[in-house]
Amino acid sequence: MSLDASDIARIASLARLQLASDESERMLSQINGFFDLVERMRSVDTAGIEPLAHPVAAIEDITLRLRDDVVSEPDNREANQKSAPAVEAGLFLVPKVIE
């Protein structure tokens, strides 16, 4: 897959960017370079290769440092809902907008 100058102009328009002609050409070459890299990566045969949880795992055994899953913040539901116009059973009530 490769883009042309009209594709870059359309993307810039959608993103509300004003690109000079030299910037547009540079973007075109960079994006097409990215697509070329993706195509080369897709062409590599990865059958039978297990995915890595971490890239360093290919070099050495690592243990991921995961923190304990514990509550660290107090329950402030009532304080947070004081300014709400309508609350019921701990939930914010909002007007129906789609019929």
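Above: the structure in question.
About the cut-offs
- Residues numbered from 1 in each chain as written.
- Predicted model: local features only at pLDDT ≥ 70, side-chain atom pairs only at ≥ 80, totals over all residues.
- Heavy atoms only, no water.
- Helix = DSSP H or I, 4+ residues; strand = E, 2+ residues; numbered from the N terminus.
- Rg over C-alpha atoms; globule rule 2.2 N^0.38 Å.
- Buried < 20%, exposed > 50% of the residue type's maximum accessible area, 1.4 Å probe, protein only.
- Contact = heavy atoms within 4.5 Å.
- Areas by Shrake-Rupley, 256 points an atom, 1.4 Å probe, with all protein chains shown as cover.
- Salt bridge = Lys/Arg side-chain N within 4 Å of Asp/Glu carboxyl O.
- Patch = residues over 30% accessible without salt bridge, like charges linked within 9 Å, V, L, I, M, F, W, Y side chains within 5 Å.

Chemist: Hey, could you run me through the overall build of the protein chain in this one?
Modeler: The helix and strand tally for the protein chain stands at three helices and two strands. Scaling as 2.2 N^0.38, a compact globule of 99 residues should have a C-alpha radius of gyration of about 13 Å, whereas the protein chain reaches 26 Å, well beyond that. In terms of overall dimensions, the protein chain has C-alpha extents of about 55 × 50 × 30 Å along its principal axes. A buried classification covers 8% of the 99 residues belonging to the protein chain. Of the contacts formed within the protein chain by residues at least 6 apart in sequence, a portion of 23% connects residues at least 24 apart. If you sum the accessible surface of the protein chain, you get close to 9,700 Å²; carbon and sulfur atoms cover 54% of it.

Chemist: What is the right way to read the environment of Val 97 from this model?
Modeler: If you trace the backbone, Val 97 turns up in the segment after β2 (91-92). On the basis of relative accessible area, Val 97 is assigned to the exposed category, the value being 76%. Considering only alpha carbons, one finds Val 97 and Pro 85, twelve residues apart in sequence, at a separation of 16 Å.

Chemist: For this particular structure, what's the right way to read the pattern of salt bridges?
Modeler: Any two side chains of opposite charge can pair if their charged atoms end up close together. By the definition in use, this model includes one salt bridge. Its salt-bridge partner being Arg 42, residue Glu 39 comes within 3.5 Å of it at the nearest N-O pair. Here Arg 42 and Glu 39 lie together in helix α2 (residues 21-42), a separation of three residues that amounts to about one turn. Taking relative accessible area as the criterion, Glu 39 reaches 37% and is therefore assigned partly exposed.

Chemist: Looking at this structure, I do not really get a nonpolar patch on the surface. What am I missing?
Modeler: A cluster of nonpolar residues, Ile 62, Leu 64 and Leu 66, forms a patch on the protein surface that exposes about 300 Å² of accessible area. Position of Leu 64 relative to the elements: it lies in the loop between α2 and α3 (77-80). By relative accessible area, which is 47% here, Leu 64 ends up partly exposed.

Chemist: Would you mind showing me how to read the environment of Val 38 here?
Modeler: Relative to the elements of secondary structure, Val 38 occurs in helix α2. Residue Val 38 is classed as partly exposed on the basis of its relative accessible area, which comes to 24%. Separated by 37 residues in sequence, Val 38 and Met 1 have C-alpha atoms that sit 9.7 Å apart.

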